[in-house]
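Examining the three-dimensional arrangement
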Amino acid sequence: MSIWEYANPTRFMQTSGKLLPTVAVLSLLCLVIGLIWGFFFTPDDYRQGSTVKIIYLHVPSALMAINAWLMMLVTSLIWLIRRHHVSALAAKAAAPIGLTMTLIALITGAIWGQPMWGTYWAWDPRLTSFLILFLFYLGYMALWAAIENPDTAADLTSVLCLVGSVFALLSRYAVNFWNQGLHQGASLSLDKEENVADVFYLPLLVSIAGFVLLFLALVLLRTRTEIRIRRAGALIARERLS
């Protein structure tokens, strides 16, 4: 069995229809467990107090904001190379979800930053690159909406996705590229000394798993919707011709 079989809309609809309920339930469980555990059963930080608990929303949403764009990059490349419509529709479906994740990351970052930095916003490398990523999401969605021909829209948005990937990577590695700035280092790292304490780390992993599964569930749901819209449009076009 080849992975390209799932580029067939019928096969994708069958498989995603079976997976979607399970993924949705698992995402709900992880989110409930992770957020309740993190907000109500972890201690206050000795420096940041209770404000540290916003990490359970900020870090997962920031990770998904970046990885949603990278997922769009992969599916856009598949469209450009192999011309599979499901991949283009999956990229289109992921964009509003990634936009929402980016907005959550920006808002929670501002709320977290105010008591720590004394300001809601600073032109920090990571914050600035995240703001640019947010604007790329808006531009990507606007470009899809502005072009009537779906194949042309998929081509142009795929090119835009390639350009925006630079800022997605900068959002992830800005702290490594530039030492200056207010934003702290990574909360999750292969280096144990850079990780948050275990008491915060474990519920954070559960919250991240919940966000990942939520993103997957929403992408499957929205891609299925996009396929139905495409099919309905094709049927309407046939009726007009006949």
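Since we're looking at a predicted model, the values are computed, not measured.

Some words on the overall build of the chain
Summing up its helical and strand segments, the chain has six helices and zero strands in all. Starting at the N terminus, the α and β elements of the chain follow one another as α-α-α-α-α-α. Scored against the burial criterion, the 242 residues of the chain give a buried share of 42%. For the chain, restricting intrachain contacts to residue pairs at least 6 apart in sequence, the fraction spanning at least 24 positions comes to 76%. Summed over its atoms, the accessible surface of the chain is roughly 13,100 Å², and 68% of this surface lies on carbon and sulfur atoms.

Details of the side chain of His84
Among the structural elements, His84 can be located in the loop between helix H2 (55-82) and helix H3 (85-117). For His84, a relative accessible area of 18% puts it in the buried group. Excluding residues that lie within four positions of it along the chain, His84 makes contacts with Trp4, Ala7, Ile78 and Trp79.

With respect to helix H1 (residues 9-40)
Helix length check: H1 (32 residues) gives 44 Å between terminal C-alpha atoms against 46 Å at 1.5 Å per residue, within 8%. Where H1 bends most, the angle comes to about 35 degrees, and this point is Leu19, followed within four residues by the proline Pro21. Buried residues along H1 sit against H2, H3 and helix H6 (198-241).

Digging into the packing of H2 against H3
Between H2 and H3, whose axes approach to 7 Å, the crossing angle comes to 155 degrees. As the angle between them shows, H2 and H3 are arranged roughly antiparallel. Here H2 and H3 pass one another in a crossing that is left-handed. Looking at the contact of H2 with H3 residue by residue, the class counts come to 19 nonpolar, 10 polar and no charged.

Details of the UniProt feature "transmembrane region" (unreviewed entry) in the chain
Those residues carrying the UniProt feature "transmembrane region" (unreviewed entry) are residues 20-41, 61-81, 93-115, 127-147, 159-179 and 199-221 in this numbering. Across residues 20-41, the secondary structure splits into 95% helix and 0% strand, with the terminal C-alpha atoms separated by 30 Å. In the segment residues 199-221, helix accounts for 100% and strand for 0%; the C-alpha atoms at its two ends are 34 Å apart.

Brief notes about the pattern of salt bridges
Tallied over the entire structure, the rule returns four salt bridges. For Lys92, the salt bridge is made with Glu226, and the minimal N-O distance between the two is 3.4 Å. Highlighted residues: Lys92 in helix H3 and Glu226 in helix H6, separated in sequence by 134 residues. Across the salt bridge formed by Glu226 and Arg222, the nearest N and O atoms sit 3.9 Å from each other. You can see Glu226 and its partner Arg222 sitting in helix H6, four residues apart, about one turn around the helix. Residue Glu226 is classed as buried on the basis of its relative accessible area, which comes to 10%. Residue Arg222 is classed as partly exposed on the basis of its relative accessible area, which comes to 30%. One salt-bridge network, in which partners are shared between bridges, spans Lys92, Arg222 and Glu226.

Comments concerning the packing of aromatic side chains
In this structure the tally under the stated criterion is four aromatic pairs. Between Phe39 and Tyr56 the ring centres are 6.1 Å apart and the planes differ by 65 degrees, which places this aromatic pair in the edge-to-face class. Of this pair, Phe39 sits in helix H1 while Tyr56 sits in helix H2, and the two are 17 residues apart along the sequence. With relative accessibility at 29%, the residue Phe39 sits in the partly exposed group. Look at Tyr56 and you get buried, because its relative accessible area is 0%.

Points about unusual backbone geometry
Phi is positive for Arg83, which is not a glycine, with a value near 60 degrees. Tracing the backbone shows Arg83 in the loop between H2 and H3.

Definitions and limits used
- Residues numbered from 1 in each chain as written.
- Predicted model: local features only at pLDDT ≥ 70, side-chain atom pairs only at ≥ 80, totals over all residues.
- Heavy atoms only, no water.
- Helix = DSSP H or I, 4+ residues; strand = E, 2+ residues; numbered from the N terminus.
- Buried < 20%, exposed > 50% of the residue type's maximum accessible area, 1.4 Å probe, protein only.
- Contact = heavy atoms within 4.5 Å.
- Areas by Shrake-Rupley, 256 points an atom, 1.4 Å probe, with all protein chains shown as cover.
- Expected span 1.5 Å × (residues − 1).
- Bend = angle between axes of the 7 residues up to and from the residue.
- Axes fitted to C-alpha atoms, helices over the stretch in contact; angles between N-to-C directions.
- Parallel < 35°, antiparallel > 145°, perpendicular 65-115°, else oblique.
- Left-handed = near helix turned anticlockwise from the far one by under 90°.
- Nonpolar A, V, L, I, M, F, W, Y, C, P; charged D, E, K, R; others polar.
- UniProt positions renumbered as here; feature names shortened; annotations may be inferred.
- Salt bridge = Lys/Arg side-chain N within 4 Å of Asp/Glu carboxyl O.
- Phe/Tyr/Trp six-rings, centres within 6.5 Å; stacked < 30°, edge-to-face > 60°.

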